[in-house]
Amino acid sequence: QGYPPQQQGYPPQQGMPMQQGQPMMMQPMAQPPMARTDFDGIPNLLIKQTRKGWCQELMGCEANTEFNIATFENPNNDEFYAVEDTSCLMRFCCGTARPFTLTVSQAADHSKTIGTYERPFRCPLGQMKCCCHQMLISKNDKDEEVGRIKEDCWFCVPSLKVLDKGGNLQYNMHFPTCCCGMCVDCCAEGCCNCRIPFGIYEPGASGKKGSEVGSVVKIWGGWGKELLSDADTFELIFPEKADSDTRRNLVGGVFMINQLFFERQGGAPSGV
């Protein structure tokens, strides 16, 4: 007595006799998720600048900037990767005002480009300029321009304009304001939480907290990271009505904000 002999080519099943001639059912293998080819359909992004060596940071040496990009829901699962391409001489001579080309690609395959961002050389960020404004040109994976981030003419609160490929104003990006737009609202994100917000506002919006349709927030990275490195982390929330090209342009706005306000030149932060 006993079970029938095992059929050649099939492993025995535990706890159940195998009938002769009956094939074993194979479980289908789970397919890995498809890599994203753009920012469409993503409500938010976590843009994380990579650290450089601590000695290089303290000496004030400039290196090509790199970012890993994930979502709020999966902060440790990077979906995109961005890297700057600038010569060592340009980084040394021009510092944070340097022109650069920054390429965004899939995190799993850096050869698959999502888009590129070109920053031409311009005068440093400053008040009441009539020309030579800071600018970033956003392009898609076909090297076609989809929009620009351009410094606005400002007096009290620095402001950036989000323009589409036709030069039409879509959004304004700046700190939340108070006192009729004359001052930065330092308590917009609450007190003592070390979050630095930049609102994304529709044209004509007041600029007060709550009137934004999206936001860019520089978040606190801890004492060690903030004091001993130049690596910053940003939260980007897209406006609900933003299409694929506008989302790609707003990602460039985060790179521009980092370069203008948070990059260090010789150990000192840039900006105003």
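As shown above, the structure is provided for reference.
What counts as what
- Residues numbered from 1 in each chain as written.
- Predicted model: local features only at pLDDT ≥ 70, side-chain atom pairs only at ≥ 80, totals over all residues.
- Heavy atoms only, no water.
- Helix = DSSP H or I, 4+ residues; strand = E, 2+ residues; numbered from the N terminus.
- Buried < 20%, exposed > 50% of the residue type's maximum accessible area, 1.4 Å probe, protein only.
- Contact = heavy atoms within 4.5 Å.
- Pairing = 2+ DSSP bridges.
- Axes fitted to C-alpha atoms, helices over the stretch in contact; angles between N-to-C directions.
- Salt bridge = Lys/Arg side-chain N within 4 Å of Asp/Glu carboxyl O.
- Phe/Tyr/Trp six-rings, centres within 6.5 Å; stacked < 30°, edge-to-face > 60°.
- Polar contact = N/O pair within 3.5 Å; in protein donor to acceptor, adjacent residues only side chain to side chain.

1. Here's the deal with the environment of Asp232
With respect to the helices and strands, the residue Asp232 is situated in the loop between helix H3 (223–228) and strand S14 (233–237). On the basis of relative accessible area, Asp232 is assigned to the buried category, the value being 6%. Between the C-alpha atom of Asp232 and that of Gln49, which follows or precedes it by 183 residues, the distance is 5.3 Å. Every residue in contact with Asp232, bar those within four places of it in the chain, is listed here: Ile47, Lys48, Gln49, Lys218, Glu226, Asn258 and Phe262.

2. Looking at the sheet that holds strand S3 (residues 80–85)
Reading around the circumference, S1-S2-S3-S4-S5-S6-S7-S8-S9-S12-S13-S14 is the order of the twelve strands in this closed barrel, with antiparallel pairing throughout. Strand-to-strand, the axes of this sheet are offset by a mean angle of 20°, without reference to chain direction. Strands in contact with helix H4 (residues 244–262) are strand S1 (44–49), strand S2 (66–70), S3, strand S4 (100–106), strand S5 (113–119), strand S6 (135–140), strand S7 (145–151), strand S8 (159–164), strand S9 (169–174), strand S12 (196–201), strand S13 (214–219) and S14; relative to S5, the strand with the most contacts, it is inclined by about 45°.

3. A few points about the pairing of S2
Two elements, S1 and S2, share four bridges in a ladder whose sense is antiparallel. Across the sheet, the residue bridging to Leu46 is Ala70, located in S2. In terms of strand pairing, S2 meets S3 through four bridges, oriented antiparallel. Note that in S3 the partner of Ile69 across the bridge is Phe80.

4. Digging into the pattern of salt bridges
Taken as a whole and assessed by the stated rule, the structure comprises 14 salt bridges. Across the pair Glu84 and Arg98 runs a salt bridge, and its minimum N-O distance is 2.7 Å. On the criterion of sequence distance, the pair formed by Glu84 in strand S3 and Arg98 in the loop between helix H2 (88–94) and S4 is long-range, its members being 14 residues apart. Given a relative accessible area of 4%, Glu84 falls into the buried group. Residue Arg98 is classed as buried on the basis of its relative accessible area of 0%. A salt bridge links Lys218 to Asp232; its shortest N-O distance comes to 3.7 Å. Of this pair, Lys218 sits in strand S13 while Asp232 sits in the loop between H3 and S14, placing them 14 residues apart in sequence. Each of Glu189, Arg195, Lys209, Glu212 and Glu235 takes part in salt bridges that share partners, so that together they form one network.

5. Points about the pairing of S3
The pairing of S3 with S4 spans six bridges and is antiparallel. Bridging from a neighbouring strand, Asp85 pairs with Thr101 of S4.

6. Structural notes on the packing of aromatic side chains
On inspection of all chains with the given rule, the structure shows nine aromatic pairs. Ring geometry for Phe198 and Phe261: centres 5.3 Å apart, planes at 50°, overall tilted. Taken together, the residues Phe198 in strand S12 and Phe261 in helix H4 connect sequence positions 63 residues apart. Phe261 shares its class with Phe198; the two are buried. For the ring pair Trp220 and Trp223, a centre distance of 5.1 Å and an interplane angle of 80° mean the geometry is edge-to-face. Residue class for Trp220 comes out partly exposed when judged on its relative accessible area of 35%. We classify Trp223 as exposed; its relative accessible area is 63%. Three or more aromatic residues joined by ring pairs make a cluster, and in this case those are Phe175, Phe198, Phe234, Phe261 and Phe262.

7. A word on the side chain of Asn249
Considering the arrangement of structural elements, one finds Asn249 in helix H4. Polar side-chain contacts of Asn249 include one of 3.0 Å to the backbone oxygen of Leu163. If we skip the residues at most four places from it in the chain, Asn249 touches Ser138, Gly147, Arg148, Ile149, Val162 and Leu163.

8. With respect to the side chain of Thr177
Following the sequence through the fold, Thr177 ends up in strand S10 (residues 177–178). We classify Thr177 as buried; its relative accessible area is 6%. The contact partners of Thr177, leaving out residues within four places of it in the chain, are Val157, Cys183, Val184, Asp185, Ser206, Gly207 and Lys208.

All we've got here are geometric facts, nothing functional implied.
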